[in-house]
Amino acid sequence: MTSRITGTGSALPEKRVTNIDLQELVETSDEWIRERTGIVERRISTGDTVADLSAKACERALQAAGKTAQEVELILVATCSPEMLLPCCACQVQDQIGAVNAVAFDLNAACSGFLFALNTAHAYIQAGLYNNALVVGGEVLSKLVDWKDRSTCILFGDGAGAAYVEASTQDIWCPNGRRVGMESMVQGSDGTRANVLSCVQRTVHNAFLEQSNKEEFQYIQMDGQEVYKFAIKQVPTCILEALDKAGLTTEDVDLFILHQANERIIESVARRLKTALSKFPMNIDKVGNMSSATIPVLLDELNRSGAIKQGDRIVLSGFGAGLTYGADVFVWG
């Protein structure tokens with residue numbers, strides 16, 4: 001038994017913030033941002049929460065799959081920017097969409113989060129514990145960004161994407177001879193490089209600790225060069241490992257859907273894999289880096305536009321704070 005994606009959905013805030021708009025906040029330019037990142041604009045929340053955006057994405061994924069919220073057995077929300085520590089975002093989503101029969105909890109693997117959540121859902125389904133799951137990547141990173149820091153505020157956007165994943169108890173074969181469903185997955189973590197990309201939550205402060213300094217809110221801190229070097233080396237490596245596990249090569253893949261962190265990173269990965277850039281769709285120019293939401297939002301965009309067809313073999317791959325990384329190989333259908 002394997003698992004397959006039968007519906008996708010996404011939700012973005014209405015407000016568009018262009019590079020020109022950012023020129024009013026920090027010393028930068030549209031040309032400077034485009035050249036270094038490929039980003040032209042990003043969506044920024046003016047009130048939408050992670051739960052709000054995630055719930056909308058879930059509703060659209062359910063509609064695409066032809067399912068009701070009452071049929072959902074598991075909800076996994078990958079996020080590093082929830083509004084509340086308690087309750088978890090997934091329980092808020094459960095309430096908003098009316099998935100009264102679902103188990104719900106969150107995962108945090110930063111920008112790799114959607115992949116880790118998808119793999120978790122796949123493992124639950126393979127184990128026979130659940131028959132289906134809503135897997136979500138949702139973020140409102142705009143509240144974690146220092147809008148006076150040019151190195152980070154130009155990069156991030158807000159949004160959510162979701163996939164309805166269900167058990168495939170019988171083999172489904174496509175006309176091209178491929179079997180629908182997950183074929184292999186690879187994931188990993190390197191905690192020794194945690195400080196490369198970080199954001200402090202609440203420090204230890206209680207009645208038994210002498211502390212005179214007032215606690216101040218911390219923003220995202222990033223060593224961009226180190227993240228870049230990690231990504232262009234680790235992403236191709238884990239993609240090749242995932243393909244090797246499935247007995248495949250890059251020539252067997254129709255689309256590589258990567259975390260949309262930086263256009264130059266994606267171009268470098270394509271070169272290292274010796275694969276045409278045309279197999280690496282991008283939407284970073286329109287939405288920026290939405291952390292765990294980038295992969296499912298792009299997946300939904302491609303699915304709804306008809307760019308993904310039954311029998312297509314797809315590689316999903318991401319990397320993020322932790323540092324975390326992963327790659328999945330599956331056949332669409």
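See the structure above.
All residue numbers refer to position in the chain's written sequence, counted from 1. It should be noted that, the model being predicted, local features are given only for residues of pLDDT at least 70 and side-chain atom pairs only at 80 or more, the latter also being counted only at that level, while totals for whole chains, interfaces and linings use all residues. The side-chain numbers reported here are obtained from all heavy atoms of the structure, hydrogens and water having been left aside.

We now examine the pattern of salt bridges. For this analysis, a salt bridge means a side-chain nitrogen from Lys or Arg found within 4 Å of a carboxyl oxygen belonging to Asp or Glu. With the rule as written, the count across this model stands at 12 salt bridges. For Arg179, the salt bridge goes to Asp171, with nearest N and O atoms at 3.2 Å. Between Arg304 and Asp300 there is a salt bridge, and its shortest N-O distance comes to 2.6 Å. Placement of the pair is Arg304 and Asp300 together in helix α10 (residues 294-305), with a separation of 4 residues, close to one helical turn. Relative accessible area decides the class of each residue, using a 1.4 Å probe on protein chains only: under 20% of the type maximum gives buried, over 50% gives exposed, and in between gives partly exposed. Taking relative accessible area as the criterion, Asp300 reaches 3% and is therefore assigned buried. Shared partners join several salt bridges into a network, and the residues in it are Arg193, Glu226 and Lys229. The numbering of helices and of strands both runs from the N terminus, where a helix is a DSSP run of H or I of at least 4 residues and a strand a run of E of at least 2.

Moving on, we get to helix α5 (residues 113-126). A helix is expected to span 1.5 Å multiplied by its residue count minus one. A rise of 1.5 Å per residue sets the reference length of α5, with its 14 residues, at 20 Å; its end C-alpha atoms lie 20 Å apart and thus fit the reference within 8%. In the segment just after α5, Gly128 is the residue with positive phi, at about 80°.

With that settled, consider the pairing of strand β12 (residues 313-320). For β12, a buried count of 8 out of 8 residues is recorded, marking the element as mostly surrounded by other parts of the structure. Where strand β11 (residues 255-258) and β12 come together, 4 bridges link them in parallel fashion. By the bridge assignment for β12, Leu255 is matched with Ile314. Of the strand pairs in this sheet, β12 and strand β13 (residues 324-331) are connected by 8 bridges, and their pairing is antiparallel. Residue pairing across strands places Phe319 opposite Tyr325, the latter belonging to β13. Between β12 and β13, which pair antiparallel and follow one another directly, the connecting turn spans 3 residues, one of which, Gly322, has a positive phi of 145°. By this definition, two strands are paired if DSSP reports at least two bridges between them.

This brings us to the sheet that holds β11. Pairing is mixed in the open sheet, where 4 strands are placed in the order β8-β13-β12-β11. Looking along the sheet, the strands with just one partner apiece sit at the ends: β8 (181-189) and β11. Averaged over neighbouring strand pairs, the angle between their axes works out to 10° when direction is ignored. Here a residue-residue contact requires only that any non-hydrogen atoms of the pair lie within 4.5 Å. Lines fitted to the C-alpha atoms define the axes, with helices restricted to the stretch that makes contact. Angles between their N-to-C directions range from 0 to 180 degrees. Across the sheet, α10 is in contact with β11 and β12; its angle to β11 comes to roughly 140°.

For any two aromatic rings, the description comes down to two numbers: the centre-to-centre distance and the angle of the planes. Geometry of aromatic contacts follows a simple scheme: Phe, Tyr and Trp rings, the Trp one being its six-membered ring, pair when their centres are within 6.5 Å, and the pair is stacked under 30 degrees between planes, edge-to-face over 60, tilted otherwise. Evaluation of the coordinates by the stated rule reveals 5 aromatic pairs. Cluster of aromatic residues (ring-pair linked, three or more members): Phe105, Tyr124 and Tyr130.

Let us now look at the sheet that holds strand β6 (residues 132-140). Strand order in the open sheet formed by 5 strands is β1-β7-β6-β4-β5, with mixed pairing between adjacent strands. This sheet does not close on itself; its edge strands, each paired only once, are β1 (2-11) and β5 (103-107). Ignoring which end each strand starts from, the neighbouring axes of this sheet average 20° apart. One ladder, built from 5 bridges, connects strand β4 (residues 74-78) with β5; its direction is parallel. By the bridge assignment, Ile75 is partnered in β5 with Ala104.

Attention now moves to the nonpolar core. If you look at the biggest cluster of nonpolar residues, it comprises 44 residues, and the most contacted ones within it are Ile239, Phe256, Leu258, Val269, Phe280 and Phe319. If you list the elements that add at least two residues to this core, you get α7 (224-245), β11, α8 (263-272), β12 and β13. Considering every element that reaches this core, the biggest residue donor is α7, with 9 residues. The residues contacting Ile239, other than those within four sequence positions of it, are Phe256, Leu258, Val269, Leu273, Val315, Ser317 and Ala327. Residues belong to a common nonpolar core when they are buried Ala, Val, Leu, Ile, Met, Phe, Trp, Tyr or Cys residues joined through side-chain atoms within 4.5 Å. In terms of nonpolar packing, the next biggest core, distinct from the first, is built from 29 residues, Leu74, Ala117, Ala121 and Ile308 among them.

By themselves, these observations are geometric and do not establish any function.
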